Amino acid sequence: MTAVTVRDLADSPLLRHSTRLGDDRGLAAEVSNVVLAELGQAFPEAAPGTVVVLALQRHQSVDAAVDVTLRRARSWSVPAVVLAGATVLPLATRRLAARLALPVFVVAADVSTLSLMAELRDLVHAPDLHESTLLLGLADELTAVRGLDDLVEALRHQHDGGAVAVVTADGRVHGDLGDLTIERVTDVRSTRTVLAQGRVYLVHPLVTHGDAGGWIVLETAHGTARQLDRCRRLAALAAGPALGTVAREMVRRERHARERARVLAEVLHAPEQVGPDLAAAAADAGLALAGWHVGIHLRAPTSRLSGPLLADLESAVQREVPEIGPFVDRTDGWAAWLSQDAMPDPGRIRDFTGAVVRALGAATSQSLGDQISLGVGAPGRDAAGIALTLAQARQAALVASTSAPDDKVRVRVVQDLGASRLLLGWYGSGAFRDLADEMLVPLTALGDPDLVTTLAAYLDRACSASHTARYLGIHRNTVNQRISKAERVLSVSLTDPDTRLALQLALRAHRTPATTSD
Amino acid sequence: MVHTTWQCILPGMRTLDVEDVPALTAGAAMLGSGGGGTPALAGPLLERAMREHGPLRLLAPSECDGDVVLAGAVGSPTVMLERLPSGPEFGRAVDHLAERGAPVGGVVTLEIGGVNGLFGALAALTSGRPLLDADGMGRAFPRLEQCLLHGLVTAEPAVLALPGDGLVTIEGVDNRALPDVVRSLLPVLGGWAAVALYRAPASLVRERCAAGSVSRALSIGEALLRRERGELGDSATLEVMDATAPFAGTVLDVRRESGTSPAGVVTLQDEGDPLRTIRVDFSHDYVSAVVDGVRWWSAPDVVCLVDARSWSPVPVTDVAAGQRLRLLCLPAAQALRDRPTGRDLASYGYVPDDEPQKLPA
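Note on numbering: residues in each chain are counted from 1, in written sequence order. Chains and ligands are labelled by the order in which they are written, letters from A for the one and numbers from 1 for the other. In keeping with the model being predicted, local features are shown solely for residues with a pLDDT of at least 70 and side-chain atom pairs are shown and tallied solely at 80 or more, while totals for entire chains, interfaces and linings include all residues. In computing side-chain properties, one takes all heavy atoms of the structure into account and sets aside hydrogens as well as water.

Asker: What is the right way to look at the overall build of chain A in this model?
Answerer: Tallying secondary structure elements over chain A gives 18 helices and 18 strands in all. Here the term buried applies to any residue with accessible area under 20% of the maximum for its type, exposed to any over 50%, and partly exposed to those in between, with areas from a 1.4 Å probe on protein chains only. Taken across its 518 residues, chain A has 48% of its residues classed as buried. The contact criterion used is simple: two residues touch if any of their non-hydrogen atoms lie within 4.5 Å. Considering only contacts in chain A between residues 6 or more positions apart, those separated by 24 or more positions represent 64%. Only DSSP runs of H or I reaching four residues or more are called helices, and only runs of E reaching two or more are called strands; each is numbered from the N terminus.

Asker: Mind showing me how you'd approach the packing of aromatic side chains here?
Answerer: Aromatic ring pairs are reported here in terms of the distance separating the ring centres and the angle at which the planes meet. Aromatic pairs are defined between Phe, Tyr and Trp rings, using the six-membered ring for Trp, whenever the two ring centres lie within 6.5 Å; interplanar angles under 30 degrees are classed as stacked, those over 60 as edge-to-face, and all others as tilted. Inspection of the entire model under this criterion finds 5 aromatic pairs over all chains. Residues Phe 282 of chain B and Tyr 286 of chain B carry aromatic rings whose centres are separated by 6.5 Å and whose planes lie at 85 degrees to one another, so their mutual orientation is edge-to-face. A single burial state applies to Phe 282 of chain B and to Tyr 286 of chain B, both of which are buried. By the ring-pair criterion, three or more aromatic residues cluster together here, those being Phe 90, Phe 119 and Trp 192 of chain B. Lysine and arginine charges are scored as sitting over a ring when NZ or CZ, respectively, is within 6 Å of the ring centre and within 35 degrees of the ring normal. Seen from the ring of Tyr 471 of chain A, Arg 461 of chain A lies directly overhead, with NZ or CZ sitting 3.8 Å from the centre.

Asker: I'm lost on the sheet that holds strand 16 (residues 324-330) of chain B in this one. Help?
Answerer: Adjacent strands of a sheet pair through backbone hydrogen bonds, lying either parallel or antiparallel. Residue and element names in this part refer to chain B. Taken together, the 7 strands give an open sheet; going across it, the order is 14-13-12-11-10-16-15, and neighbouring strands pair in antiparallel fashion. Here the strands that pair on one side only, and so sit at the sheet edges, are strand 14 (294-298) and strand 15 (302-307). Going across the sheet, the axis of each strand differs from the next one's by a mean of 35 degrees, ignoring polarity. In this analysis, strands are considered paired if DSSP registers two or more bridges between them. Bridge analysis of strand 10 (residues 244-256) against strand 16 gives 5 bridges, and the strand direction is antiparallel. Note on method: axes are straight lines fitted to C-alpha atoms, helices fitted across the in-contact stretch only, with angles between N-to-C directions ranging 0 to 180 degrees.

Asker: It is not clear to me how the sheet that holds strand 9 (residues 173-175) of chain A should be interpreted in this structure. Could you clarify?
Answerer: Residue and element names in this part refer to chain A. With antiparallel pairing, the 5 strands of this open sheet are ordered in space as 9-8-12-11-10. The two strands at the open ends of the sheet, each matched to only one other strand, are strand 9 and strand 10 (192-196). Taken pair by pair, the neighbouring strands of this sheet meet at an average axis angle of 25 degrees, ignoring direction. Most of the contacts of helix 6 (residues 148-158) go to strand 8 (residues 164-168), to which it runs at about 150 degrees, and overall it touches strand 8, strand 9 and strand 12 (211-220). Against the sheet, helix 8 (residues 225-269) makes contact with strand 8, strand 9, strand 10, strand 11 (199-208) and strand 12, and its axis sits at roughly 40 degrees relative to strand 11, the strand it touches most.

Asker: Help me understand unusual backbone geometry in this model?
Answerer: Glycine aside, a negative phi is what most residues show, and trans is what most peptide bonds show. Backbone torsion omega between Glu 156 of chain B and Pro 157 of chain B reads -5 degrees, so that peptide bond is classified as cis. Mapped onto the secondary structure, Pro 157 of chain B falls in the loop between strand 5 (131-135) and strand 6 (158-161).

Asker: Explanation requested: the interface of chain B and chain A in the structure shown.
Answerer: A common way to report how large an interface is uses the accessible area buried once the components associate. Counting from both sides, the interface comprises 30 residues of chain B and, opposite them, 24 residues of chain A. Every case where a carboxyl oxygen of Asp or Glu lies within 4 Å of a side-chain nitrogen of Lys or Arg is listed as a salt bridge. In this assembly, chain B and chain A are joined by 3 salt bridges. Arg 99 of chain A is the salt-bridge partner of Asp 273 of chain B, the closest N and O atoms lying 2.8 Å from each other. The definition of a polar contact used here is a pair of N or O atoms within 3.5 Å, where within protein one atom must be able to donate a hydrogen and the other to accept one, and adjacent residues in sequence count solely through side-chain atom pairs. Counting across the interface, chain B meets chain A through 12 residue pairs in polar contact (both at pLDDT 80 or more). Of all the secondary-structure elements, those providing two or more residues to the side of chain B that touches chain A are strand 10, strand 11 (264-270), strand 12 (277-282), strand 13 (286-291) and strand 14 of chain B. Residue composition of the side of chain B that touches chain A, grouped by class: 10 nonpolar, 8 polar and 12 charged. Ten residues, namely Ala, Val, Leu, Ile, Met, Phe, Trp, Tyr, Cys and Pro, are considered nonpolar, four, namely Asp, Glu, Lys and Arg, are considered charged, and the remaining ones, Gly among them, are considered polar.

Asker: So what exactly am I meant to see when it comes to the pattern of salt bridges here?
Answerer: Side chains that differ in charge, positive against negative, can pair when their charged atoms come close. One pass over the full model with this rule turns up 33 salt bridges over all chains. Residue Arg 230 of chain A is joined to Glu 131 of chain A by a salt bridge in which the shortest nitrogen-to-oxygen separation is 3.8 Å. On the criterion of sequence distance, the pair formed by Arg 230 of chain A in helix 8 and Glu 131 of chain A in helix 5 (residues 126-142) is long-range, its members being 99 residues apart. Across the pair, exposure class does not vary: Arg 230 of chain A and Glu 131 of chain A are buried alike. Put simply, Arg 183 of chain B and Glu 145 of chain B hold a salt bridge, and the shortest N to O gap is 3.8 Å. Of this pair, Arg 183 of chain B sits in helix 6 (residues 178-189) while Glu 145 of chain B sits in the loop between strand 5 and strand 6, and the two are 38 residues apart along the sequence. Judged by its relative accessible area of 39%, Arg 183 of chain B falls in the partly exposed class. Each of Arg 143, Glu 145, Asp 180 and Arg 183 of chain B takes part in salt bridges that share partners, so that together they form one network.

Asker: Help me out: how do you make sense of the packing of helix 2 (residues 39-53) of chain B against helix 5 (residues 116-127) of chain B in this one?
Answerer: Packed helix pairs are specified by the crossing angle of their axes together with the interaxial distance, meaning the distance between the axes. All names here are of chain B. Packing of helix 2 against helix 5 brings their axes to within 9 Å, and their N-to-C directions diverge by 20 degrees. On the basis of the axis angle, helix 2 is roughly parallel to helix 5. Seen from above, helix 2 lies across helix 5 with left-handed handedness. Along its contact with helix 2, which presents Pro 39, Ala 42, Gly 43, Leu 45, Leu 46, Ala 49, Met 50 and His 53, the element helix 5 presents Leu 118, Phe 119, Ala 121, Leu 122, Leu 125 and Thr 126. Partitioning the contact of helix 2 with helix 5 into residue classes produces 11 nonpolar, 3 polar and no charged. Angle categories are assigned with fixed cut-offs, so that under 35 degrees is roughly parallel, over 145 is roughly antiparallel, 65 to 115 is roughly perpendicular, and the rest are oblique. Crossings are assigned a handedness: left-handed for a near helix turned anticlockwise from the far helix by less than a right angle, right-handed for a clockwise turn.

Asker: I tried to follow the confidence of the model for chain A on my own but got confused; where do I start?
Answerer: Close inspection of predicted coordinates is inappropriate for parts of the model with low pLDDT. The predictor attaches a confidence to each residue, called pLDDT, with possible values from 0 through 100. Across chain A, pLDDT averages 83, with 90% of residues at or above 70. No element of chain A has a lower mean pLDDT than helix 13 (residues 419-427) of chain A, at 64, and none a higher one than helix 3 (residues 91-100) of chain A, at 92.

See the structure below:
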């Protein structure tokens, strides 16, 4: 039920036969309350949206105080005034009502002011009664809610506005967000309205200990103040149960993730000695140990690859490759593997890799940019094979992370690594990294990352200024200037092949993360 | 509108003669606020009396000792147009009251606005006493109890004198009942009568009545006459009158209520902004001016509608649709602002504002 407007009052049997002063302006204004006032007195409770019924005594119809009251009503955003007991009003009063664009209803003296007030209040407060019914209905339904989908359904029953959704802190959307993007929802820290494509949404964060554990999103049909108020109340009522459900689901998912990581760690610790208990625990955690496996390893900065995005990536990959197991937390990323009975041939691995890259590419948001690196291991059999393929995948991911960011997802398959594997072990070693850092100190001390990037790109492109300029999207002269500066700072000449080789290796080592192992 | 205290401008005793009558007439009409009768009716009587008795002595209230009385006319100004005054009845009323007690050293005009503004002078002249530069109401008010001395001294004995012969003396009636007694006698006496009442020490008049009001009427009237002769511009005239006149317009409607007060509403369309409405409420006189729902002036300030061209006051009885009028407002005398009770909107039966109006810039 929508809010009552002045037009509704005008069309009601109560005022239909009254005389209305002014034109049609102001009829769309919302009415939230009705108060009775006497001439010359301040209106009690005259908040915006309050219609004032002015009870006039005999002869007060011609009193200038009526005009003064109308002017005051307009300045207090009163949507309409009802003059009860009025006789014929002076022309001045009628002209003033038109001038102020204030609907003024003149009700004859034979209508009892008391019954007029009672009926007007019933009419104006009908939406409040409706809203109370909705809130009671929601409170009733919330007692039977088992999950967020149930909660969304309960809200949808009692909300007559449009889209309803609950967004969890890990980025899962239950229900329909309408035209809103998830980023615009998760930005909200206190209850407020958000506009999208001309529609108004109320976003209510589920705050616990100062952090948002989720958000309730309700679309309002017209975005009027009364509808927003109603949405606020619905959201506030649902917030408690929603927060409880969100917290329960988060705890459950977290527990599962830890359990998977623990089981995998045990398997990798002694892959040749997987007993029946560990096998059963792995099966419970959704990890397949038997058969042939092709492992993948995903690297991304932890700060960027947050819970919501990881969940998106996992579900996207699982949609593309249903045979793949769940993602498992590792110290420097996330691992998963494809399992099948027969040994996968190179074509199958290629298809699998392609499918994973496609899924990751589609699910990776712009904010993550080119920072995802994927490594794919060689096939391995049973638990020992899992250890092998995951180790290879991890190494491949490391190599991928050091390569030039040509695509959204940087990918390396272990078989394709070739000389990179040899070099990786070398420039990933601590001794060489120290040497490389020492060699580059004059350059890094300048605090100019562009210089380092340009030099690395220049060396990776066979010292071609044109290719480097195209790759970096800058002018060729800029590349030359930066290279000259780098030579000057490092006190070297790039015409010397040994210097070029040493610098290229040093730069690779510089941008390669230190090798770690579980 | 900035109210300024209007000062008695008399440097000392002066006289009024025939040449001063037109200015006094015009000034009294303006201070009548659209009521109080037609001063032009009394102008010829005053001029004739001046020719017979010589110039009228005008004293500042501080220059008079002993007792004074308030004099003028009570009753219907409309009836007065048919049952004309003759002049001597005003002096007889004062003389008769003077015989009852201490000697009376001067006469004070009952009200400076309207026809009484001249009848006070006529009473002084025909009784052979000086006129004090003060009045009992500061403008025109419709009821005796709105006199500034009401409640400070006893109004009785009061003497009513008829044109021709006949005197009625009212004694032993308290202030509350006296106005009703006078009102009840008036139909028997022919609708109006000259009156002398409120015998009071001159010192009390000096302190509590509207001092300098005769001079004020003269100065307002003189400014209006000079404007009419083309000697003064509009703004200079307003400055001399201490008046404000920001609105002018055409009368769209005059709504007259019969029976009880308030009596009616004049609706004008502003000539500058046709959508703006100027509303002037009137009883026996103009009571308040409301512009688009904002109260600009109200009693006891003087609200006056004047002809847009000549600036001659249009009384409430003559205002009619189609007239082009200017709204002209003068601040109330200081004595009225000091003691507003009984002389504000409520005294006319209007609902006063619960909070002060903010005048538009």
